[in-house]
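Residues per chain, in single letters:
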Amino acid sequence: MKKIFAISALCMVIMPMAFAATPWWEQPTVCKLDPTDCYATMGAGYDSELWDSETGCWGMKLICPDALVSGDDYTPVAMGRDDIERGTNINKDFDTNILNGDCFGVRKTKENGAMASVNGEYVRVWCNGILDNADEYLENGEITYGAQPTCQELADYGYVATVNNKCYGKYYDMSKYYIECNSGDIMPSRIIVLNGADYTSNGNGPTDESAADDIFDKMESVSESQRKIYFKNK
């Protein structure tokens, strides 16, 4: 009985000495933050040293400035998982699941990148060089935040608002084609093949668009009548 008491007393003396040798912040009685990571892997686009207090884990996503409704124009903002899922301060036109360099957030697109989301609606991504004043340059081309170009504005440079690979703006050589537009429509009403005619060398050519339309209407009518004569069985 005396031996058991002696051993117990020895433990009472040694254990406090062991605790004293351990830094207070490492002692088991000290409350510590959960070491769990918020994300399985955290490389580019993450800050692994930040504590996400709402979720209770380590690591925050860095959201690109353009993907935010408000904030610094140049500095990515670290955000918690719950805020990102709720869309807090995030521009609805951006996808924060896609890495964009050293932060997350790229403009939403569809049709292989030929359409981009602007103010909640999808607009055409124009092939590079078509827009006079592009507001933003994307991987496949450029976009404007305001009014889209009209059919006639495009036709003046030989372009039609149809898809051209992964952007919009198909070019027609103006010496070979005439692009006819209706007011208010972005797509032309028709595209007429000139069959090699040099309409710029005729001194008696049409003086306005209406006169030109009359000429092309007659050309189309003659062409149709000739087709019926010579291609009866076709």
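In this report, we go over the structure that sits alongside the text.

### Focus: the packing of aromatic side chains
And step 1. According to the stated counting rule, one finds six aromatic pairs in the structure shown.
And step 2. With 4.9 Å between their ring centres and 55° between their planes, Tyr39 and Tyr46 make a pair best called tilted. Each of the two residues, Tyr39 as well as Tyr46, counts as buried.
And step 3. Ring centres 6.5 Å apart and planes at 70° place the aromatic pair Trp126 and Tyr168 in the edge-to-face group. On the criterion of sequence distance, the pair formed by Trp126 in the loop between strand S8 (121–124) and strand S9 (136–137) and Tyr168 in strand S12 (residues 167–171) is long-range, its members being 42 residues apart. The residues Trp126 and Tyr168 share a single accessibility class, namely buried.
And step 4. Directly above the aromatic system of Tyr39 lies the positively charged group of Arg81, at a separation of 5.9 Å from the ring centroid.
And step 5. Over the aromatic face of Tyr168 sits the side chain of Arg124, whose NZ or CZ is 5.0 Å from the ring centroid.

### Digging into unusual backbone geometry
And step 1. Within the chain, Asn89 stands out as a residue other than glycine whose phi angle is a positive 65°.
And step 2. By secondary structure assignment, the location of Asn89 is in the loop between helix H2 (81–86) and strand S4 (94–100).
And step 3. Residue class for Asn89 comes out partly exposed when judged on its relative accessible area of 30%.
And step 4. Look at Asn112: it is not a glycine, yet its phi comes out positive at around 60°.

### Things to note about the pattern of salt bridges
And step 1. Under the definition given, this model contains five salt bridges.
And step 2. Residue Arg107 is joined to Asp93 by a salt bridge in which the shortest nitrogen-to-oxygen separation is 4.0 Å. Remark: Asp93 occurs in the loop between H2 and S4 and Arg107 occurs in strand S5 (residues 103–107); sequence separation between them is 14 residues. Exposure class is identical for Arg107 and Asp93. Each is buried.
And step 3. The shortest N-O distance in the salt bridge between Arg190 and Glu180 comes to 2.8 Å. Of this pair, Arg190 sits in strand S14 (residues 190–193) while Glu180 sits in strand S13 (residues 177–180), placing them ten residues apart in sequence.
And step 4. Given a relative accessible area of 9%, Glu180 falls into the buried group.
And step 5. Linked through salt bridges whose partners overlap, the residues forming this network are Glu54, Asp83 and Arg86.

### Here's the deal with the layout of surface pockets
And step 1. Each pocket or cavity is described by its volume, and for the second largest pocket that value is around 340 Å³.
And step 2. In this structure, the second largest pocket is lined by 17 residues; those nearest its centre are Val106, Arg107, Thr109, Leu138 and Glu139.
And step 3. Contributions of two or more residues to the lining of the second largest pocket are made by S4, S5 and S9.
And step 4. Sorting elements by how many residues they give to the lining of the second largest pocket places S5 first, with four residues.
And step 5. The residue makeup of the lining of the second largest pocket, split by class, is seven nonpolar, five polar and five charged.

### A word on the pairing of S12
And step 1. Across four bridges, the pairing between strand S11 (residues 159–164) and S12 is antiparallel. Note on S12: the bridge partner recorded for Val163 is Tyr168.
And step 2. Linkage of S11 to S12, two consecutive antiparallel strands, is achieved through a turn of two residues, within which Asn165 is found at a positive phi near 70°.

### Quick notes on the sheet that holds S8
And step 1. Spatially, three strands are ordered S6-S7-S8 in an open sheet, and the strand pairing comes out antiparallel. The open sheet terminates on both sides in strands that have one partner only, identified here as strand S6 (109–110) and S8.
And step 2. Taken together, the four bridges between strand S7 (residues 115–118) and S8 define a ladder with antiparallel strand orientation. Across the sheet, the residue bridging to Met115 is Arg124, located in S8.

Criteria and cut-off values
Residues numbered from 1 in each chain as written. Predicted model: local features only at pLDDT ≥ 70, side-chain atom pairs only at ≥ 80, totals over all residues. Heavy atoms only, no water. Phe/Tyr/Trp six-rings, centres within 6.5 Å; stacked < 30°, edge-to-face > 60°. Buried < 20%, exposed > 50% of the residue type's maximum accessible area, 1.4 Å probe, protein only. Helix = DSSP H or I, 4+ residues; strand = E, 2+ residues; numbered from the N terminus. Lys NZ or Arg CZ within 6 Å of the ring centre and 35° of its normal. Salt bridge = Lys/Arg side-chain N within 4 Å of Asp/Glu carboxyl O. 1 Å grid on protein atoms, 1.4 Å probe; cavity = no way out; pocket = protein on both sides within 12 Å on 5 of 7 lines; lining within 4 Å. Points joined across faces, edges and corners; volume = space filled by probe spheres on them. Nonpolar A, V, L, I, M, F, W, Y, C, P; charged D, E, K, R; others polar. Pairing = 2+ DSSP bridges.

Any functional reading would require information beyond the geometric quantities listed.
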